[in-house]
Amino acid sequence: MKQSKLELIVGVFVLAGIAAVAYLALKIGAGTLVGADTYMLKARFTNSGGLNPGSNVIVSGVPVGRVEKVTLNPADYSSVVEFTVRKDVKLPADSIASIKTTGLIGDKFLALAPGGDAQFLAAGALITDTESTVDLESLISRFAFGNVDQKPKPTDSK
Amino acid sequence: MNPRSFLPFACAASAFAAAAALAVAAEPAVEAHEMLKSAVDEVLAIAYDGQTATTPLALRVRPALEKYFNFATITRRAIGPGWRQFTPEQQARATTLFTDLVIRTYADRFEVGNRPGITYSKAVIPDATKPMLRELPTTIDYAGKKYSVIYRVEQAGDSWRVYDVIIEGVSMIANWRSQLDPIFQKGGAPAVIASLEKNLAQPVVK
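Residues numbered from 1 in each chain as written. Chains lettered and ligands numbered in written order. Predicted model: local features only at pLDDT ≥ 70, side-chain atom pairs only at ≥ 80, totals over all residues.

**Remarks on the confidence of the model for chain A**
Residues and elements named next belong to chain A. When pLDDT is averaged along chain A, the result is 83; 79% of the residues meet or exceed 70. Of all helices and strands in chain A, the one with the weakest mean pLDDT is helix H2 (residues 136-145) (67), whereas strand S4 (residues 78-86) scores best (95). Segment residues 149-158 is flagged for pLDDT under 50; beyond a separation of four residues in sequence, or across chains, it makes five contacts in the model. (pLDDT = per-residue confidence, 0-100. Helix = DSSP H or I, 4+ residues; strand = E, 2+ residues; numbered from the N terminus. Contact = placed C-beta atoms within 7 Å.)

**Here's the deal with the sheet that holds strand S5 (residues 96-101) of chain A**
Residues and elements named next belong to chain A. Taken in spatial order, the eight strands make up an open sheet running S7-S1-S4-S3-S2-S6-S5-S8, and their pairing is mixed. Here the strands that pair on one side only, and so sit at the sheet edges, are strand S7 (126-127) and strand S8 (130-131). With six bridges connecting them, S5 and strand S6 (residues 108-113) associate as antiparallel partners. By the bridge assignment, Ile 96 is partnered in S6 with Ala 113. (Pairing = 2+ DSSP bridges.)

**Focus: the packing of helix H2 (residues 32-49) of chain B against helix H3 (residues 57-68) of chain B**
Residue and element names in this part refer to chain B. As a packed pair, H2 and H3 sit with axes 9 Å apart at the nearest point and diverge in direction by 170°. In terms of orientation, H2 and H3 fall into the roughly antiparallel class. Where H2 abuts H3, its residues Met 35, Ala 39, Glu 42, Val 43, Ile 46 and Ala 47 lie against Leu 57, Arg 60, Val 61, Ala 64, Leu 65 and Tyr 68. Residues belonging to the contact of H2 with H3 are distributed by class as follows: 10 nonpolar, no polar and two charged. (Axes fitted to C-alpha atoms, helices over the stretch in contact; angles between N-to-C directions. Parallel < 35°, antiparallel > 145°, perpendicular 65-115°, else oblique. Nonpolar A, V, L, I, M, F, W, Y, C, P; charged D, E, K, R; others polar.)

**Describing the sheet that holds strand S1 (residues 117-120) of chain B**
Backbone hydrogen bonds hold the strands of a sheet together, and the pairing may be parallel or antiparallel. Residues and elements named next belong to chain B. Across the sheet, which stays open at both edges, the five strands sit in the order S1-S2-S3-S4-S5 with antiparallel pairing between neighbours. Taken across any chain shown, the strands that pair with only one partner, and hence form the sheet edges, are S1 and strand S5 (170-171). In this structure, S1 lies alongside strand S2 (residues 133-142), joined through four bridges in antiparallel fashion. Across the sheet, residue Gly 117 finds its bridge partner in S2, namely Asp 141. Here H2 sits on the sheet and contacts S1, S2, strand S3 (145-156) and strand S4 (159-167); the angle it forms with S2, its principal contact strand, is near 40°.

**Notes on the confidence of the model for chain B**
Residues and elements named next belong to chain B. Averaged over all residues, the pLDDT of chain B equals 82, while 83% of them reach at least 70. When mean pLDDT is compared element by element in chain B, helix H4 (residues 71-79) scores highest at 94, while helix H1 (residues 3-24) scores lowest at 43. Scored below 50 in pLDDT, residues 1-25 shows two contacts in the model against residues more than four places distant or in partner chains. Interface scoring of the predicted complex returns ipTM 0.74; its pTM is 0.75.

Next up, the structure:
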């Protein structure tokens, strides 16, 4: 009798441990099962380089959601980013989505700047007012090494 | 009524409704890229042909820019979420001041040099459900360097008007919003208006 009671206690303890690990895995990983109070939005970019599923979605520096999917629109080769936002965060229709970087070489995240429109984005809406990834490397190389089309500067003919 | 006999009527009615909707949302008489070309040509003509004029460039180009740019929309978008808390008088005042600031900022940085070459690419409809919006990608060749400039335009009556300009991936609206929204958070609409007035009172630094 004592033996079976001990086994039962151990079994319950093991099950509780498995449940805790599963909860942590969901919370840290996908998080979709525990974060059901969200709605889906999309944003169209000409270049979404560096943004991946799982990247943070931020408003005023506060995480409010996460990137779910990044796909290519074959019609115009634009990038469509699908992301979730907390249901209590209502975004005006003229909100701007920008891809930003934590520091100079940090992770990319999706920053949302709410606009002034009286209407709000409905679930599934597409944000077209976006700022794509700024390609720092190409900008630096253009200014550091010059441009292939650059004309010679006029020499001082004084 | 027999549902089968009703079906053709329903289809015809739907087709008629769709045709009527299309007629209402008819394409503007002017294509978006034609409007942009006209705007660029007009502004460049003023900038380059009036070099001897004594009036500042900002004043000379203002009528042309007001014709092609929707400054009311630009101001609303630039101020961001605080806009809804502005009174109508504050909105009107902010629009006037912000229009002055934008035109002055860019006009006073203009330097007469070689005329820029502009290549217009095909217009893009960013969202099929919003046919009143277009993106007009261009490449500007100026002083030996090429710059990517995208104009975002919206349908306005039988033409189009610009509501944002993206230069090398950086949005003009997003840039102004990131500056004006914190000012609103600190001091509300009066602070935004005071900030615009203060900025306009300062001499331009080139």
